[in-house]
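Working through the structure, step by step
Next come the chains, spelled out residue by residue.
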Amino acid sequence: MTLGVNLSFCVKRWVTPELWAPIVREDLGLDLVQLSFDLVDPTWPDDVLAAQAGDIRKSAEEARITVHSAFIGLAHYTFSQLLHPDPRVRDVAEDWLRCAYRFAGSAGITRVGGPLGAIASSRNGREADSLPRADYEDLIVRMRRLAEAAKAEGLVELYVEPTPMRREWPWTVDQAVKMSHDLADSAVPWKYCLDWGHGTFEPLYGRYRASMEPWFAALCEDVGVIHVQQTDFQYDRHWDFTEAGRIDPLEAAALHRSHGLSDTPVFLEVFYPFERADASVLDGVKRSVELLKPAFA
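This structure is a prediction, so every number in the text was calculated from the model and none was measured.

Quick word on the overall build of the chain
- Looking only at helices and strands, the chain features ten helices and eight strands.
- Rg of the C-alpha trace for the chain: 18 Å, near the compact-globule value of 19 Å for 297 residues, within the 12% margin.
- Across its three principal directions, the C-alpha atoms of the chain cover 50 × 50 × 35 Å.
- For the chain, buried positions account for 53% of its 297 residues.
- Sequence separation of 24 or more characterises 79% of the internal contacts of the chain that already satisfy a separation of 6 or more.
- For the chain, the accessible area works out to roughly 13400 Å², and carbon and sulfur atoms hold 50% of it.
- Taken together, the 31 basic and 45 acidic charged side chains of the chain have centroids lying 3 Å from each other.

Notes on the sheet that holds strand 4 (residues 111-114)
- Spatially, the eight strands close up into a barrel ordered 1-2-3-4-5-6-7-8, and their pairing is parallel. If you compare each strand with its neighbour and ignore which way they point, the axes differ by 30° on average.
- Inspection of the sheet shows strand 1 (residues 3-6) paired to strand 2 (residues 32-36) by two bridges, in the parallel sense. When the sheet's bridge partners are listed, Val 5 is paired in strand 2 with Val 33.

A short note on the pattern of salt bridges
- A complete count under the given rule lists 22 salt bridges for this structure.
- Residue Glu 127 is joined to Arg 167 by a salt bridge in which the shortest nitrogen-to-oxygen separation is 3.2 Å. Placement of Glu 127 in the loop between strand 4 and helix 5 (133-152) and of Arg 167 in the loop between strand 5 (157-160) and helix 6 (173-182) is noted, with a sequence separation of 40 residues between them.
- Residue classification places Glu 127 among the partly exposed residues on the basis of a relative accessible area of 40%.

Parameters at a glance
Residues numbered from 1 in each chain as written. Predicted model: local features only at pLDDT ≥ 70, side-chain atom pairs only at ≥ 80, totals over all residues. Heavy atoms only, no water. Helix = DSSP H or I, 4+ residues; strand = E, 2+ residues; numbered from the N terminus. Rg over C-alpha atoms; globule rule 2.2 N^0.38 Å. Buried < 20%, exposed > 50% of the residue type's maximum accessible area, 1.4 Å probe, protein only. Contact = heavy atoms within 4.5 Å. Areas by Shrake-Rupley, 256 points an atom, 1.4 Å probe, with all protein chains shown as cover. Lys, Arg positive; Asp, Glu negative; His and termini not counted. Charge placed at Lys NZ, Arg CZ, Asp CG, Glu CD. Pairing = 2+ DSSP bridges. Axes fitted to C-alpha atoms, helices over the stretch in contact; angles between N-to-C directions. Salt bridge = Lys/Arg side-chain N within 4 Å of Asp/Glu carboxyl O.

Below is the structure:
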C-alpha cells in the first residue's frame, strides 16, 4: 500500500513548500503528499500563483516527493459551493474550481478533489433526505463541464468526497453509486475519496450501519483515494493517532485489501487547533505516521 499525508496539518504553520517538503521527507519519512488549497488560494493573482507553482515543483523534486493531488481544504469548504441556492454563487464556485484545476496543472499536480457543496437548511431544522431533482441535474451538468475543464489543464482524475451530512451530496452509498453512473462518460473520471471519519459517523448512519465496508464494497472500482485519521464515530474528529479512538490501522488496511484497494493511496488527514504549539503538532503527526506505516506503507 502507499501511505502519504495531506498537508492540512501545515495550515498557518509550514505554509510554503520550502518548509513542508523537508518535514514530509525527513521528519515523516514519506514521499507522497496531498496539497491543501488552504495553503494556496487558486484565485490569487496570476504572478503569485505562477511563483507558487514553480516553488512546489522545485521543492518536491529536490525532496523526491510526489504531489499526488490537491484538495479543497477547510477555507473553501465553508462555502456552499456547487449546491448554494443562488445559481450565481454556484457559478462562482464552478469558476473557483476551474482556477484550482489551472493551478494544479501548472504545479504538476494531476488530480483535484473535495466535497461538492451544501444545500441550504430549512427554517424548522428538518434536514432533507434528497436533493430536488433540478438541483441534482444542475450539479451533474456542472460536474461534466468541470471534467472538460480539468482535461484541458492536463488533469487525469477528479474526486468527490462524501461527507456525513444530509446537507451535502452524496451522503449515502446509493447516492454515490447513482452519481457514478450519471458521470460515467465524463471527460476525465470522477472518482471518490472515502474518509474513515465520514462513513463511520453513527449519529447519521446508526450504530450498526456506520461502517466503511458498504462504501468499499459498492464503490471499490470508483475509489481513487482514501483519507484516514482517528475518530470515535460520534463526530468527524480528524484526530491524529495519539488520541484514543476506534480506528485500528491494521484492521483498516485489511479491509482495504479485502475489497481490492491495495493500490489505492491512503493519506493521513488531521486537523489541529491553530493555537496548539507547533512542536506538539509535529510530534503528533510523526507519531501517527509511525503507527500507520506497519499497516499501510
